[in-house]
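# Breakdown of the fold
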Amino acid sequence: MSTDAPRYRFAPSPTGYFHVGGARTALYNWILAVRQGGTFVLRIEDTDESRNQPQWTQGIIDALAWLGIDSTDPHFEGPYFQSANAAEHVAAAERLFASGHAYYCDLTSEQIQERAKQTGTTGYDGYSRDRGLGPGEGRVLRFRVPEGHTIVKDLVRGDVDFDNATIEDFVLLRGNGTPVFLLANVVDDILMRISHVVRAEEHLPNTPKQQMLWDALGHGAPQWAHVPVLVNEQRKKLSKRRDKVAVEQYREEGILADAMRNYLMTLGWAPAGDTEIVEWQSIVESFRLEDVNHSPAFFDVKKLQAFNGEYIRLMSIEQFVEQAEVILMSPGVPWPADRYRPEMFRAMAPLVQTRVAVMAEVVPMVDFLFLAEPPTDDASFTKAFSGDVAASTLEEIAVEFESITWNVEQIKSAVEAVGERHGIKLGKLQAPLRVAVTGRSVGPPLFEPIELLGRDETLRRIRLALARARR
RNA sequence: GCUCCCAUCGUCUAGUGGCCUAGGACACCACCCUCUCAAGGUGGCGGCACGGGUUCAAAUCCCGUUGGGAGUGCCA
């Protein structure tokens, strides 16, 4: 491999479900690595921290693969685990101490706070800078921040100038000797020859510190790029506690991977032209960090669903059936597995496809076909049968149904005939019928599923509803 | 508090000094289509935060104000 092929990295920590914000950052890195013939390194930042759980690591890998970021692709490298490099992190810290870039300090957090309080300042004041302390139990290693300014050259934001005087001598090694994130992160990036660090904006304030570390360790800093965070309707950074951010959850609801990645790419950036729904390939070809917006973007589930609906309608009927059956044949479904009839769903599929935004909505659209009894919705039932002629016209429809040829056209004309007799429009007339057969007041077109259900079952359901209406 | 970032319709965005009486998408509203609901079609509502400059010309450049956000850990 050529040494100047760019190396990007994505470095999540396995502390929970995979976050949509992380997904977007991963996508950015992936697109750039693929297009530039470079590498996407996945590094799991699992250093200490009680929150880390092994199962989250697999979750990240699965979610990335779902989005098309796959270890079978030659651009993919990893996963690496930060914890495996602990010795390197400590060694780097020791080098920094040996070269005078870092020093030990024996102050406790409480003592530091006490000193700050007395001088009316905040943070650490550099107390041990020149005390010449060596390593020891409970002593932390701190970086000696040099005087001057640190300019972070950022592909998204341009040059950002930090006055080093505003940056305190930060900790590299904890009192127990373990390295902190800042150090581990930089050392790993150096070790893995990372050339481009593309990550969320929240890391921007850390960046001058990391850049000083790169310098002190004898390396030129990588190309930085800080992309805006994703926010909720309150304009706060998306949080796992408060907001619905799990990629897995959207996936389970039936958001399509193509829709998710396309939508994610329209946050902070937009494909050229008047359409937002575009081929993935064209995004890969045209995405540029320089074009990424500078302000936070609201993650709008409604718009995600609209995108998903578009993608659903873009599918061929075969693809739609295949995707739908992932949910229809899953254990979460309300009917016993052996009552599912693939041929029935296939017949209904075109009618369902234009009516769902997420795949999970397919279930309530066809459940009445597979359930022994239609679901009961008291409010719909009461409303549908509230008119004085509702029951009697349904009765007449049942009579017609007994003798007609059983197909969609005849079923429809039978209902229409009853309507004409009473001067009632089809739209109104079908309400009691719909509730009797499907249990709901809205749903896909009625006559097709009635044909599918068969004469006997349809009549049975009508009589049952009639009996109930007359109670 | 301090440091840094940001500011075009409600939301996501196009716009990089004249093509902008600011374009598209989602949402919303109306109408058409229609067996309910959708989908689809047509139309509508709605925005350059504010104040100063620079310029023949500013949404676009500069300064300030205001408003948002992020970071301020011996978390990552």
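Along each chain, residues carry numbers from 1 onward, in the same order as the chain's sequence is written. For this description, chains carry letters from A and ligands carry numbers from 1, given in the order in which they are written. Residue-level local features of this predicted model are given only where pLDDT is at least 70; pairs of side-chain atoms are given and counted only at 80 or more, and the full residue set underlies all totals for whole chains, interfaces and linings. Where side-chain values are given, they derive from all heavy atoms of the structure, hydrogens and water being excluded.

Okay, the overall build of chain A next. Runs of E in the DSSP output that reach at least two residues are strands. Runs of H or I that reach at least four are helices, and both are numbered from the N terminus. Looking only at helices and strands, one finds 19 helices and 12 strands in chain A. Note on method: radius of gyration uses C-alpha positions; expected globular size equals 2.2 Å times residues raised to 0.38. Here the C-alpha radius of gyration of chain A, 31 Å, is well above what a compact globule of 471 residues would show, namely 23 Å. Projected onto the principal axes, the alpha-carbon positions of chain A cover approximately 100 × 50 × 40 Å. Any residue under 20% of the maximum accessible area for its type is buried, any over 50% is exposed, and the rest in between are partly exposed; the area is computed with a 1.4 Å probe on protein chains only. Here chain A holds 471 residues, and the buried ones make up 49% of them. Note on contacts: a residue pair is in contact if any heavy atoms of the two residues lie within 4.5 Å. In chain A, the proportion of contacts linking residues at least 24 apart, taken out of those at least 6 apart, comes to 76%. A total of about 22600 Å² of accessible surface is found on chain A, and carbon and sulfur atoms cover 50% of it. Here chain A carries 51 positive and 65 negative side-chain charges, and the mean point of each set is 4 Å from the other. Surface exposure here means Shrake-Rupley accessible area, sampled with a 1.4 Å probe, where a residue is shielded only by the protein chains that are shown. The positive count covers Lys and Arg only, the negative count covers Asp and Glu only, and His and the chain ends enter neither. To locate a charge, the coordinates of NZ of Lys, CZ of Arg, CG of Asp or CD of Glu are taken.

What follows deals with unusual backbone geometry. Glycine aside, residues mostly have negative phi angles, and peptide bonds mostly take the trans form. Residue P79 is reached from G78 by a cis peptide bond, and omega for that bond is 5 degrees. Summarising the element assignment, P79 is placed in strand β3 (residues 76-81). Unusually for a residue other than glycine, R193 sits at a positive phi of about 55 degrees. Residues other than glycine seldom take positive phi values, yet R235 does so here, at roughly 65 degrees. Mapped onto the fold, R235 is located in the loop between β11 (230-231) and α7 (247-253). Judged by its relative accessible area of 51%, R235 falls in the exposed class.

Working note: a packed helix pair is described by the angle between its axes plus the distance between those axes. Packing of helix α11 (residues 317-328) against helix α13 (residues 362-370) leaves a shortest axis separation of 11 Å and a crossing angle of 80 degrees. If you check the angle between α11 and α13, you find them roughly perpendicular. For the pair α11 and α13, contact is made by F320, A324, I327 and L328 and by V362, V363 and V366, respectively. Here the nonpolar group is Ala, Val, Leu, Ile, Met, Phe, Trp, Tyr, Cys and Pro; Asp, Glu, Lys and Arg are the charged ones; every other residue, Gly included, is treated as polar. A per-class count over the contact of α11 with α13 returns seven nonpolar, no polar and no charged. Lines fitted to C-alpha atoms define the axes, with helix axes restricted to the stretch in contact, and inter-axis angles between N-to-C directions lie between 0 and 180 degrees. For classification purposes, angles smaller than 35 degrees are called roughly parallel, those larger than 145 roughly antiparallel, those between 65 and 115 roughly perpendicular, and all remaining angles oblique.

We now examine the layout of surface pockets. The calculated volume of the largest pocket comes to roughly 1100 Å³. Cavities and pockets are found on a 1 Å grid laid over the protein atoms alone: a cavity is a set of points where a 1.4 Å probe fits but cannot escape, a pocket is an open set with protein on both sides within 12 Å along at least five of seven lines, and a lining residue has an atom within 4 Å of such a point. Forming the walls of the largest pocket are 40 residues, and the residues nearest its centre are A11, P12, S13, E202 and H203. When contributions to the lining of the largest pocket are tallied by element, the ones reaching two or more residues are β1 (7-10), α1 (20-35), α5 (181-191) and β9 (196-200). Top element by residues in the lining of the largest pocket is α1. It accounts for five residues. When the residues that make up the lining of the largest pocket are grouped by side-chain class, the tally is 13 nonpolar, 14 polar and 13 charged. In this structure, the second largest pocket is lined by 29 residues; those nearest its centre are W66, I255, L256, A257 and Q323. With six residues, the single largest contributor to the lining of the second largest pocket is helix α2 (residues 54-66). Grid points are joined across faces, edges and corners, and a volume is the space filled by probe spheres set on the points.

With respect to the secondary-structure elements, Q211 resides in helix α6 (residues 207-216). For Q211, the contacting residues outside a window of four places in its chain are T150, I151, V152, A221 and W224.

All right, on to the pattern of salt bridges then. Salt bridges are defined as contacts in which a side-chain nitrogen from Lys or Arg sits within 4 Å of a carboxyl oxygen from Asp or Glu. With the rule as written, the count across this model stands at 28 salt bridges. The shortest N-O distance in the salt bridge between E457 and R461 comes to 2.6 Å. Of the two residues, E457 and R461 both sit in helix α19 (residues 455-469), four residues apart, roughly one turn of that helix. In this structure, a network of salt bridges that share partners links the residues R9, R43, E45, D188 and D189.

Tracing the chain through its elements places A26 in helix α1. The sequence separation of A26 and P12 amounts to 14 residues, and the corresponding C-alpha distance is 9.2 Å. If sequence neighbours within four positions are ignored, A26 has contacts with F10, F40, L64 and I69.

Whether two strands pair comes down to DSSP finding at least two bridges between them. Spatial strand order, β4-β5-β8: three strands in an open sheet with antiparallel pairing. Edge positions in the sheet fall to β4 (102-105) and β8 (171-173), since each of these pairs with one other strand and no more. Taking the axes of each pair of neighbouring strands and ignoring which way they run, one obtains an average angle of 40 degrees across the sheet. Here β4 pairs with strand β5 (residues 140-143) via four bridges, running antiparallel. Each bridged residue has a counterpart across the sheet, and for C105 the counterpart in β5 is V140.

Interpretation in functional terms is not warranted from these geometric data alone.
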